[in-house]
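Listed here are the chains, written in short residue letters.
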Amino acid sequence: MRDLRRSATWSGIFAILLWSSLALMAVFTASLPPFEVLAISFAIGGLASLLASPGSPRARLDRLLQPWPAFVLALAALFGYHALYFIAFRHAPAIEVNLINYLWPLLIVVFAAFLPGVRLKPGQLIGTVLGLGGVIIMLVQGRALAIDPAHLPGYAAAFAAALIWSGYSVLNRRHAGVPSAAIAGPCLLVALLAGVVHLLIEQTVVPDRAQTIVLVLMGLGPVGVAFRLWDRGTKHGDLALLGTLSYAAPLLSSLLLLGSGRVAAHWSQAVALGLLLLGAWISVRASRADAAT
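Quantities reported herein were computed from a predicted structural model and do not represent experimental measurements. (Residues numbered from 1 in each chain as written. Predicted model: local features only at pLDDT ≥ 70, side-chain atom pairs only at ≥ 80, totals over all residues. Heavy atoms only, no water.)

Undergrad: For this particular structure, what's the right way to read the environment of Ser 21?
TA: Along the polypeptide, Ser 21 turns up in the loop between α1 (2-19) and α2 (22-28). Taking relative accessible area as the criterion, Ser 21 reaches 18% and is therefore assigned buried. Through-space distance from the C-alpha of Ser 21 to that of Leu 215 is 12 Å; in sequence the pair is 194 residues apart. With residues up to four places along the chain from it excluded, the contact list for Ser 21 reads Pro 222 and Leu 256. Within the structure, Ser 21 has its side chain in polar contact with the backbone oxygen of Leu 18 (distance 2.6 Å). (Helix = DSSP H or I, 4+ residues; strand = E, 2+ residues; numbered from the N terminus. Buried < 20%, exposed > 50% of the residue type's maximum accessible area, 1.4 Å probe, protein only. Contact = heavy atoms within 4.5 Å. Polar contact = N/O pair within 3.5 Å; in protein donor to acceptor, adjacent residues only side chain to side chain.)

Undergrad: Would you mind going over the pattern of salt bridges with me for this structure?
TA: Side chains carrying opposite charge are able to pair once their charged atoms draw close together. Per the stated rule, a full pass over the model turns up 4 salt bridges. Between Arg 90 and Glu 202 there is a salt bridge; the shortest N-O distance is 3.8 Å. Of this pair, Arg 90 sits in helix α5 (residues 68-91) while Glu 202 sits in the loop between α10 (184-201) and α11 (209-236), and the two are 112 residues apart along the sequence. Owing to a relative accessible area of 13%, Glu 202 belongs among the buried residues under this scheme. As a salt-bridge pair, Asp 231 and Lys 235 come within 3.0 Å of each other at their nearest N and O atoms. Taken together, the positions of Asp 231 and Lys 235, both in helix α11 and 4 residues apart, correspond to about one turn of that helix. For Lys 235, a relative accessible area of 5% corresponds to the buried category. (Salt bridge = Lys/Arg side-chain N within 4 Å of Asp/Glu carboxyl O.)

Here's what the structure looks like:
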């Protein structure tokens, strides 16, 4: 049981690492409509997850079968989170949207405390708050935030997105018996729903060669494998530790953009890295102490 928890936690960590590449990929697809990107990447991710499952085609399709509550939960989370995230950026400034959205790792840690058999250690909460602090410093960069009532719909959408993703990550534990390969089903339906929304409200833009390559990589990595790994991590891994380490995603994203020359270096990035490493160290120590008892 301990080995399963450890390997599942590593699955969740690898998902976080894959998500950290999403911002850089998004830069290359910025000229494409968001729901078009969502439809294409989820279609590739869903198909890749389905084809990656071992066995005959019939066996792969059989793995898509799951209790309807598990299917609805995954579908609502995957589509609801991304749709609300896009909506938030249309109605509020990017900095405030990201700050509110990145409440989801902290909410995972808080919600996980209500799961049967899960004990939230003070160190895990402290580590997560330090990670959140690092992200806030990195995003704000010493600037004052202007809370404008006109942007309340955007703020609400960003908070709803954070609430949906954190709720899914914790409630997913109730469906631990459903194999992670089944996530391909909700991914494919998300692609269909996003395609419908795209046709209704957006104008199709044909991707160029570079964008096509990025969309394939996005579908195979941050959208495909990552969601399957996260599914396994949330079902069997250390949720509190994963919540803390999730703050590595925005920081690593920023460092990748920095390395590619897309963003300029800033002292806040170093401070965020220090706070994240300190928070991760505190949370890992608490997690190990909990596993040893």
